[in-house]
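# Fold and geometry: a report
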Amino acid sequence: MPATPLTDDQIAKALEGLPGWHVENGELTAAYKSGRADIVPFYAAVAAAEDEADHHARVTILYGTISFALNTHDAGGAITEKDTALASTIAALAAGHDATVTARSTG
Ligand SMILES: C[C@H](O)[C@H](O)[C@H]1CNC2=NC(N)=NC(=O)C2=N1
C-alpha cells in the first residue's frame, strides 16, 4: 500500500465511511467508549491488527474512552491510505468489542 498523502477530497470521501472519525491536528482521529472490562481486549485486537498492517496509531485511554490518532510517519505525518485502512479495521473491531464511537467533539 503506497504511503502517498491523500488529498482533502480523498480524506473526505474516506470519512463518509468512517462515522465518528474526523481530522484533528492533521491526524485521523476517533474516540470509542467501552466498558472497562472490554477496553483492554479491544486494544489487544487493535494492536494485533496494527502489527499485521505494520502501521500504528497513537492511543490514549482515559477511564472508559480509548482514542486513536493516525497519520503516516513515513509520509512526513500526512494522512495516507494506511491510516484510512487501519481506521476501518479499528471501526470493525470496535463493533465486535461493544465499543461505541463517540460523536465528534465540536468544542
Ligand atoms: C519500520 C516500520 O515498518 C515503520 O516504521 C512503520 C511502523 N508503523 C508506522 N505507523 C505509522 N503510523 N506510520 C508509519 O509511517 C509507520 N511506519
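Residues numbered from 1 in each chain as written. Predicted model: local features only at pLDDT ≥ 70, side-chain atom pairs only at ≥ 80, totals over all residues. Heavy atoms only, no water.

The protein appears in an unreviewed UniProt entry as Putative pterin-4-alpha-carbinolamine dehydratase from Actinacidiphila oryziradicis. Listed under Sequence similarities (unreviewed entry) in UniProt, the entry text for the protein is "Belongs to the pterin-4-alpha-carbinolamine dehydratase family." (UniProt positions renumbered as here; feature names shortened; annotations may be inferred.)

Before going further, it helps to examine the confidence of the model for the protein. Per-residue confidence for the protein averages 94 on the pLDDT scale, and 95% of its residues sit at or above 70. The ipTM value of the predicted complex is 0.97, and its pTM value is 0.94. (pLDDT = per-residue confidence, 0-100.)

Here we take up the site of the ligand. All residues in the neighbourhood of the ligand are listed as Asp 54, His 55, His 56, Asn 71, Thr 72, His 73 and Asp 74. The contact in question runs from a nitrogen atom of the ligand to an N or O atom on the backbone of His 56, over 2.9 Å. Contact between the ligand and Asp 74: an oxygen atom at 2.8 Å from a main-chain N or O atom of the residue. In terms of residue class, the shell around the ligand is built from no nonpolar, five polar and two charged. (Near = heavy atom within 4 Å. Polar contact = N/O pair within 3.5 Å; in protein donor to acceptor, adjacent residues only side chain to side chain. Nonpolar A, V, L, I, M, F, W, Y, C, P; charged D, E, K, R; others polar.)

A separate point is the pattern of salt bridges. Applying the stated rule across the entire model yields two salt bridges. Ionic pairing is found between Lys 13 and Glu 16, a salt bridge with its closest N-O pair at 3.5 Å. Of this pair, Lys 13 and Glu 16 both sit in helix H1 (residues 8-16), three residues apart, which is roughly one turn of the helix. Summarising the burial analysis for this pair, Lys 13 and Glu 16 share the class exposed. Residue Arg 58 is joined to Glu 27 by a salt bridge in which the shortest nitrogen-to-oxygen separation is 2.3 Å. (Salt bridge = Lys/Arg side-chain N within 4 Å of Asp/Glu carboxyl O. Helix = DSSP H or I, 4+ residues; strand = E, 2+ residues; numbered from the N terminus. Buried < 20%, exposed > 50% of the residue type's maximum accessible area, 1.4 Å probe, protein only.)

Across all of its chains, the model carries four aromatic pairs by this definition. A centroid spacing of 6.3 Å and a plane angle of 65° characterise the contact between Trp 21 and Tyr 32, whose relative ring orientation is edge-to-face. Here Tyr 32 lies in strand E2 (residues 27-33) and Trp 21 lies in the loop between H1 and strand E1 (22-24), a separation of eleven residues in the sequence. By relative accessible area, which is 3% here, Tyr 32 ends up buried. Arranged with centres 6.0 Å apart and planes meeting at 70°, the rings of Tyr 32 and Phe 68 form a pair that is edge-to-face. (Phe/Tyr/Trp six-rings, centres within 6.5 Å; stacked < 30°, edge-to-face > 60°.)

Turning to the nonpolar core, a few remarks are in order. Counting residues in each nonpolar core, the largest one holds 20 residues, and the members touching the most others are Trp 21, Tyr 32, Phe 42, Phe 68, Leu 70 and Ile 90. Among the elements of the structure, E2, helix H2 (36-53), strand E4 (65-70) and helix H3 (81-96) are those that each provide at least two residues to this core. At four residues, H3 tops the list of elements feeding residues into this core. Apart from residues no more than four positions distant in its own chain, Ile 90 is found in contact with Trp 21, Tyr 32, Phe 42, Val 46, Phe 68 and Leu 70. (Core = buried A, V, L, I, M, F, W, Y, C linked by side-chain atoms within 4.5 Å. Contact = heavy atoms within 4.5 Å.)

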